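An overview of the molecular structure
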Amino acid sequence: MEQPTSEPLEDPVPAAARWFRVIAFVEAVSWTLLLVAMFLKYVVETETPHEGGVPIAGPIHGAAFVVYLLSAVWAARTMKWRLGTVALALAASIPPLFTIVFERWAHRTGRLGVTTRSRRTTPAAGAPSRG
């Protein structure tokens, strides 16, 4: 019977990166909810007491926005991002859904700890390797 090792397994993706990815998604969803609520309030001109949902979606998005900024700073410190990357992460919080764009880019380029291999670099099945 094998004895468990006392050394913890090192996670290739730090907690800050995982948290950042989740929060970037949550922030984008909250933006979407707020945009739908504002559309209902100002375009459809919903005359109900809930004002199209803006009083609910607004604070949710506000909280998600602040948490995104904090998680971006945490990820930047943990991943040792350059100032330009930090500025992009923070700026991505302003236009709707850009947190997802930034998160995908940061993941793809290895700024979140793990690089994603491009399909173009993987040889096709049966293709000779260029070793």
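Here the structure is a predicted model, which is why all the values come from computation and not from measurement.

Quick look at the packing of helix 1 (residues 15-43) against helix 4 (residues 98-108)
For any two helices packed against each other, the geometry comes down to the angle between their axes and how far apart the axes lie. Contact geometry for helix 1 and helix 4: axes closest at 8 Å, N-to-C directions at 155 degrees. Considering the angle they form, helix 1 stands roughly antiparallel to helix 4. Crossing angle aside, the handedness with which helix 1 passes helix 4 is left-handed. Contact residues: helix 1 offers F20, R21, A24, F25, E27 and A28, while helix 4 offers T99, I100, F102, E103 and H107. Residue composition of the contact of helix 1 with helix 4, grouped by class: six nonpolar, two polar and three charged.

Quick look at the pattern of salt bridges
One pass over the structure, following the stated rule, counts three salt bridges. E103 is paired through a salt bridge with R21; the nearest N and O atoms lie 2.3 Å apart. Placement of E103 in helix 4 and of R21 in helix 1 is noted, with a sequence separation of 82 residues between them. Across the pair E103 and R104 runs a salt bridge whose closest N-O atoms are separated by 3.3 Å. Several salt bridges share partner residues, and in doing so they unite R21, E103 and R104 into one network.

A short note on the packing of aromatic side chains
Applying the stated criterion across every chain, the model contains five aromatic pairs. Where F20 meets Y68, the ring centres are 5.4 Å apart and the plane angle is 40 degrees; that geometry is what we call tilted. One end of the pair, F20, is in helix 1; the other, Y68, is in helix 2 (residues 54-79), and 48 residues separate them in sequence. Each of the two residues, F20 as well as Y68, counts as buried. Measuring from centroid to centroid gives 5.7 Å for W81 and F102, while their planes differ by 75 degrees, and the two rings are edge-to-face.

Conventions and cut-offs
- Residues numbered from 1 in each chain as written.
- Predicted model: local features only at pLDDT ≥ 70, side-chain atom pairs only at ≥ 80, totals over all residues.
- Heavy atoms only, no water.
- Axes fitted to C-alpha atoms, helices over the stretch in contact; angles between N-to-C directions.
- Helix = DSSP H or I, 4+ residues; strand = E, 2+ residues; numbered from the N terminus.
- Parallel < 35°, antiparallel > 145°, perpendicular 65-115°, else oblique.
- Left-handed = near helix turned anticlockwise from the far one by under 90°.
- Contact = heavy atoms within 4.5 Å.
- Nonpolar A, V, L, I, M, F, W, Y, C, P; charged D, E, K, R; others polar.
- Salt bridge = Lys/Arg side-chain N within 4 Å of Asp/Glu carboxyl O.
- Phe/Tyr/Trp six-rings, centres within 6.5 Å; stacked < 30°, edge-to-face > 60°.
- Buried < 20%, exposed > 50% of the residue type's maximum accessible area, 1.4 Å probe, protein only.

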